[in-house]
Amino acid sequence: MRHMLKLIPLALLLCTLTSPVALGNEVRSNGPAGAFLERYFRPWTQEAREENWTGWYQEILNGQHLGSNLRPVDRSTKEAWLNRALSAAAVNLKGISIKEAHLRVLPTEEPLFEPPGGPKTSYPFDRLQNGTVHPMEPLSITRRGEGWLLVTTPWASGWVREDAVAIVDPPLMTRIMSMPMLAVVRDRTVITYTSGISALEAHIGALIPMGEDGEPMVVRWDPSEGTASLVPARAPEGTLKPFPLEPSRELLSQIASSMLGQPYGWGGQNWNRDCSSTTRDIFTPFGSWIPRNSRGQGDLPGVDLSNLGRTAKARIIVERGVPFMTILYMRGHVMLYTGSQGLNPTVLHNIWSVKRGGQEEVIGRCVVTDLNIGEPPLIDRVIKMVFPWFPPGVCYTSP
């Protein structure tokens, strides 16, 4: 008989945490927000360099993929997309996103799905999706053509639609970089101009410049003149908080719990989060920088758990993990440690599916579970515990 997937109410965990979230003086006084902003503004402060896409392009050209109609995409269609990318004019510009945008491997909105079946899951992975860009993110631009821009964001590179970007000059960049920031703490926050007309919609993980009176500031772009200006705006009460937020169990759990039930979206497909963008967006309001993908997050310093059995691994996680501030990594997936029920660790994660009884069981959303789901259970596959908030040398001893 197959067992039903057991989901755990996050509110229950907040009452049963084995230890409270508490930061020592060293972490408080040397918080990472300054380092976060230094990395965040690198598209503006560092020389633009294009990522080497050769391997990915060859994989796309030679692979078997399906289009939006779930029919095979012929090689000539892929070559046309590639030629559009290679023929785009080289430029050296700085920009800022003025709305949320998909980050694409090639300059096309057409999907390139992996065929169903085989060792992978039933999820329709779009091989051209490389993430999403939050509004008001700094960008460097290296190519432009046919309504597309090749950009580098604070986290990744790819093609975005030109109408999602404003070109900015050095004085505007300097002004924005000198301003305090506001963190978006509620998804689907609509920020309006002072006239009441919508300027943009932002989600948790976005940062907005803050004006002298504490108001959000947004870029107004006039594409006909090619000019950008920073203007005051408005946001619903409680949706923006001064960056960085002071980390606490209550605030971290509030941000995390607001994502529960949200649909899974690999690489930001359909404007949804996957596992790594969930963890990244939870940590961003607190000024903790983590990479965009699960592999990058797993490469952060932490404790190696790969040689431990289930009981020893669970014990180390419960004893050394800091609820809501610890990431558990397994190949291809990351999870936010939320606490434990006894010696049973629990995690918040956005996951597509697990295997059970040789069959795929689709979850397809952000949930809180323990590590015993799936066959083999997730705890067998966890190989590392990562502490992205703490500076080097804190809590990094091996078991």
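Residues numbered from 1 in each chain as written. Predicted model: local features only at pLDDT ≥ 70, side-chain atom pairs only at ≥ 80, totals over all residues. Heavy atoms only, no water.

What follows is about the overall build of the protein chain. For the protein chain, the count of helices and strands is twelve helices and 20 strands. Within the protein chain, the proportion of its 399 residues that are buried is 54%. A sequence separation of at least 24 residues applies to 69% of the contacts in the protein chain between residues at least 6 apart. (Helix = DSSP H or I, 4+ residues; strand = E, 2+ residues; numbered from the N terminus. Buried < 20%, exposed > 50% of the residue type's maximum accessible area, 1.4 Å probe, protein only. Contact = heavy atoms within 4.5 Å.)

The set of residues buried in helix 11 (residues 310-320) consists of K313, A314, I316, I317 and V318. Where helix 11 is buried, its residues meet strand 15 (302-304), strand 16 (327-330), strand 17 (333-341), strand 18 (344-356), helix 12 (378-381) and strand 20 (384-386).

Turning our eyes to something else, we now look at the sheet that holds strand 13 (residues 227-234). Here four strands make up an open sheet; going across it, the order is 10-9-13-12 and the pairing antiparallel. Two strands lie at the open edges of the sheet, namely strand 10 (198-202) and strand 12 (217-222), each paired on one side alone. Strand-to-strand twist across the sheet, computed as the mean angle between neighbouring axes with direction ignored, equals 45°. On the sheet, helix 7 (residues 170-178) packs against strand 12 and strand 13 and is oriented at approximately 30° with respect to strand 13. (Pairing = 2+ DSSP bridges. Axes fitted to C-alpha atoms, helices over the stretch in contact; angles between N-to-C directions.)

Let us now look at empty space enclosed by the protein. In total, this model carries three cavities of 30 Å³ or more according to the counting rule given. Of the pockets and cavities examined, the largest cavity occupies roughly 50 Å³. What lines the largest cavity is L103, N130, G131, T132, E137, T153, W155, A156, R280 and R292. Of all the elements, strand 3 (residues 129-133) adds the most residues to the lining of the largest cavity, at three residues. Looking at side-chain class alone, the lining of the largest cavity contains three nonpolar, four polar and three charged residues. (1 Å grid on protein atoms, 1.4 Å probe; cavity = no way out; pocket = protein on both sides within 12 Å on 5 of 7 lines; lining within 4 Å. Points joined across faces, edges and corners; volume = space filled by probe spheres on them. Nonpolar A, V, L, I, M, F, W, Y, C, P; charged D, E, K, R; others polar.)

With that settled, consider the environment of H203. Structurally, H203 can be placed in the loop between strand 10 and strand 11 (207-209). In the structure, H203 is positioned 36 residues away from T239 in sequence and 9.5 Å away in space, judged by C-alpha atoms. In this structure H203 touches E100, H134, V184, R186, D187, R188 and R273, once residues within four positions along its chain are discounted.

As a further point, take the nonpolar core. The biggest cluster of nonpolar side chains holds 62 residues, and the ones touching the most others in it are Y40, I96, I176, V219 and L230. Among the elements that make up this core, the one with the highest residue count is strand 8 (residues 181-184) (four residues). Excluding its chain neighbours within four sequence positions, the residues that come into contact with L230 are M136, L172, R175, I176, M179, M217, V218 and V219. Membership of the second largest hydrophobic core comes to 22 residues, among which are L305, Y337, I351 and L378. (Core = buried A, V, L, I, M, F, W, Y, C linked by side-chain atoms within 4.5 Å.)

All right, on to the pairing of strand 16 then. Alternating residues of strand 16 divide into I327 and Y329 and L328 and M330, and every residue in both groups is buried. Pairing of strand 16 with strand 17, which is carried by four bridges, proceeds in the antiparallel orientation. Bridge pairing links M330 to H333 in strand 17. Where strand 16 folds back on strand 17, the antiparallel hairpin that results is connected by two residues, among which G332 adopts a positive phi of roughly 90°. Direction of pairing for strand 16 relative to strand 20: antiparallel, over a ladder of three bridges.

Bringing the packing of aromatic side chains into the picture now. In total, this model carries 15 aromatic pairs according to the counting rule given. Aromatic side chains F36 and Y40 sit 6.0 Å apart centroid to centroid with 20° between the ring planes, which places their arrangement in the stacked category. Remark: Y40 and F36 occur in helix 3 (residues 33-40); sequence separation between them is four residues, near one turn of the helix. For the pair shown, F36 and Y40 are each scored as buried. (Phe/Tyr/Trp six-rings, centres within 6.5 Å; stacked < 30°, edge-to-face > 60°.)

Within the element layout of this structure, S277 appears in helix 9 (residues 275-283). With a relative accessible area of 6%, S277 lands in the buried category. A distance of 2.9 Å separates the side chain of S277 from the side chain of D274, its partner in a polar contact. (Polar contact = N/O pair within 3.5 Å; in protein donor to acceptor, adjacent residues only side chain to side chain.)

Once that is clear, we can look at the confidence of the model for the protein chain. Predicted coordinates in regions of low pLDDT should not be interpreted in detail. On average, residues of the protein chain carry a pLDDT of 90, and 88% of them reach 70 or more. Contacts from residues 15-30, a stretch scored under 50 in pLDDT, to residues over four places away or in other chains number 26 contacts. The low-confidence segment residues 391-397 (pLDDT under 50) makes twelve contacts with residues lying over four places distant or belonging to another chain. (pLDDT = per-residue confidence, 0-100.)

When two helices pack together, their arrangement is captured by the angle between the axes and the distance separating the axes. Packing of helix 5 (residues 54-62) against helix 6 (residues 75-87) brings their axes to within 9 Å, and their N-to-C directions diverge by 155°. In terms of orientation, helix 5 and helix 6 fall into the roughly antiparallel class. Across the interface between the two elements, Y57, I60, L61 and N62 of helix 5 pack against R75, K78, E79, L82 and A85 of helix 6. For the contact of helix 5 with helix 6, a count of residues per class yields five nonpolar, one polar and three charged. (Parallel < 35°, antiparallel > 145°, perpendicular 65-115°, else oblique.)

An α-helical turn contains 3.6 residues, so a residue and the one three or four places further along point in the same direction. Residues of helix 7 that are buried include every one of L172, M173 and I176, and no others. Down the axis of helix 7, the sector holding all buried residues measures 100°, keeping them to one side. Across helix 7 from its buried face, at more than 90 degrees, point the exposed residues P170, P171, T174 and S178. At its buried positions, helix 7 is contacted by helix 4 (42-45), strand 1 (89-97), strand 11, strand 12 and strand 13. The N-cap of helix 7, judged by a side-chain oxygen 3.0 Å from the amide nitrogen of L172 a few residues on, is D169. (Arc of directions from axis to C-beta.)

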